[in-house]
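Single-letter residue listing:
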Amino acid sequence: MKKFSVALAGLALLASVSGAKEFINIGTGGMTGTYYPVGGAICRLVNMDKNMKCSVQSTGGSTYNVNNVLKKELNFGFVQSDVVYDKYNGTGKFQGAADKNLRSVISIYPELLAFVVSKESGIKAYGDAAGKKINIGNPGSGNELTSTIVFENYDFDLKKLAQHGVLTAQECPMALKDKKIDGYFYVVGHPTANITDAATSLPIDLVGIDDEHIKKILEKYPYFAKGVIPAKMYDGVDHDTQTIGVKAVLVTDASQSDEAVRAVVKAILDNFDEYKKLHPALNLVSKESLLEGLSAPLHPAAEAVYKEAGLLK
Ligand code: GLU
């Protein structure tokens, strides 16, 4: 990986002196999630700029991405806004490990926490998870961090779970079908292929967070918002599901070249109508929402593009 990034830096340098392409990569998530296809869509737009060559990398998710952007192994990464906040401020799981080099590029779309269970498990509420095999998320994912916070706020000790698995979200639909797990967590832009796959493989349900706990969580954390996964978004789930949400944010390191940041932001802004059609999770985004929920400062090149576009003063 080190060699790869040295090679990338070399290529970027070559690009700037010879007018050749600048290579950039974007860290996303599992292939059946939403980060990966949206990352691919962003790269397709960026690649219309003949000076850029953008590629996506499938990764373990937010925590992996934020750490590797800051190590300069990735140029850009998709990261949940709660994870951005904690990493920038050194809070939560990143206590004592604040990194002020983290920069925001765009807020991409809302992600809502889904607690996906098999109907057969009989789980209807968080408390029912006691004694069950629940995949809280693989290390490197944001799922792990967010689901742990929700359980903490239910005063639910994770030791009460029969198993708190570390499968990737991509592995979960199959594991649910094979009864290796009773449920799993996914903080994701909806609809996502992952949960659609689960719903077509076996009868599933989504477990919501009740009013009391939504209130408690929103009072305590600045980065969560209340959200609803609508009924019938996934086969067999005929009720609305109240839950908490964050934003998927594209981040980079403060040292990232202005050219690359500018190319990414302009690719999205200049092709906005086309961009919105590239994935259903982007349906409700607006140019203004690209600036919502950012908890690390904007990279100066992104800020300049937003100013030119009249989105920032
Ligand atoms: N939010 C998830 C995570 O950071 C990934 C979601 C996705 O891949 O779409 O772990």
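Residues take numbers from 1 onward in each chain, read along the sequence in its written order. Only residues with pLDDT of at least 70 get local features here, since the model is predicted, and only at 80 or more are side-chain atom pairs given and counted; chain-wide, interface and lining totals rely on the full set of residues. The side-chain figures draw on all heavy atoms in the structure; neither hydrogens nor water molecules are used.

Visitor: Which residues make up the site of the ligand, and what values do they have?
Guide: Neighbouring the ligand are 15 residues, the closest being Thr34, Tyr35, Ser62, Gly142 and Val187. At a separation of 2.7 Å, an oxygen atom of the ligand approaches a polar backbone atom of Thr34. Take Glu111: an N or O atom from its side chain is 3.0 Å from a nitrogen atom of the ligand. Contact with the protein chains removes 99% of the 300 Å² of surface that the ligand exposes when unbound. Counting from the N terminus, the helices are DSSP H or I runs at least four residues long and the strands are E runs at least two residues long. Listed by contribution, the elements that provide at least two residues to the shell around the ligand are helix 5 (142-153) and strand 7 (183-188). As a working rule, the residues Ala, Val, Leu, Ile, Met, Phe, Trp, Tyr, Cys and Pro are called nonpolar, Asp, Glu, Lys and Arg charged, and the rest polar, with Gly in that last group. Taken together, the residues of the shell around the ligand break down into four nonpolar, ten polar and one charged. Put simply, a residue is near a molecule or strand once any heavy atom of it comes within 4 Å of that molecule or strand. Counting of polar contacts relies on pairs of N or O atoms within 3.5 Å, with two restrictions inside protein: one atom must be capable of donating a hydrogen and the other of accepting it, and residues adjacent in sequence are counted only when both atoms are side-chain atoms. For accessible areas, the Shrake-Rupley method is used with a probe of radius 1.4 Å. Any residue's cover is judged against the shown protein chains and nothing else.

Visitor: Pulling in residues and values, what's your account of the environment of Ala20?
Guide: Turning to its location among the elements, Ala20 is positioned in the loop between helix 1 (2-18) and strand 1 (22-27). Only protein chains enter the accessibility calculation, which uses a 1.4 Å probe; a residue is then buried when its area is under 20% of its type maximum, exposed when over 50%, and partly exposed in between. When its relative accessible area of 35% is taken as the criterion, Ala20 is described as partly exposed.

Visitor: Explain the state of the cysteines to me, using residue names and the numbers behind them.
Guide: Here, two cysteine sulfur atoms that lie within 2.5 Å of each other are counted as a disulfide. Scanning all chains against the criterion turns up one disulfide. Through a disulfide, Cys43 is tied to Cys54; the S-S separation comes to 2.0 Å. Disulfide Cys43 to Cys54: torsion about the S-S bond roughly -55°, handedness left-handed. With a gap of eleven residues between them, Cys43 in helix 2 (residues 35-46) and Cys54 in strand 2 (residues 52-57) connect regions that are remote in the sequence. An identical accessibility class is assigned to Cys43 and Cys54; each is buried.

Visitor: Report on the confidence of the model for the protein, specifying residues and quantitative values.
Guide: Per-residue confidence from the predictor is given as pLDDT, running between 0 and 100. Looking at the protein as a whole, the pLDDT averages 94, with 94% of positions reaching at least 70. Contacts are assigned to residue pairs with any non-hydrogen atoms lying within 4.5 Å of each other. Contacts of residues 1-16 to residues separated by more than four positions or lying in other chains number 18 contacts, the stretch itself having pLDDT below 50.

Visitor: For the environment of Gly33, give the residues involved together with the corresponding values.
Guide: Turning to its location among the elements, Gly33 is positioned in the loop between strand 1 and helix 2. Separated by 161 residues in sequence, Gly33 and Asn194 have C-alpha atoms that sit 5.7 Å apart. If we skip the residues at most four places from it in the chain, Gly33 touches Tyr186 and Thr192.

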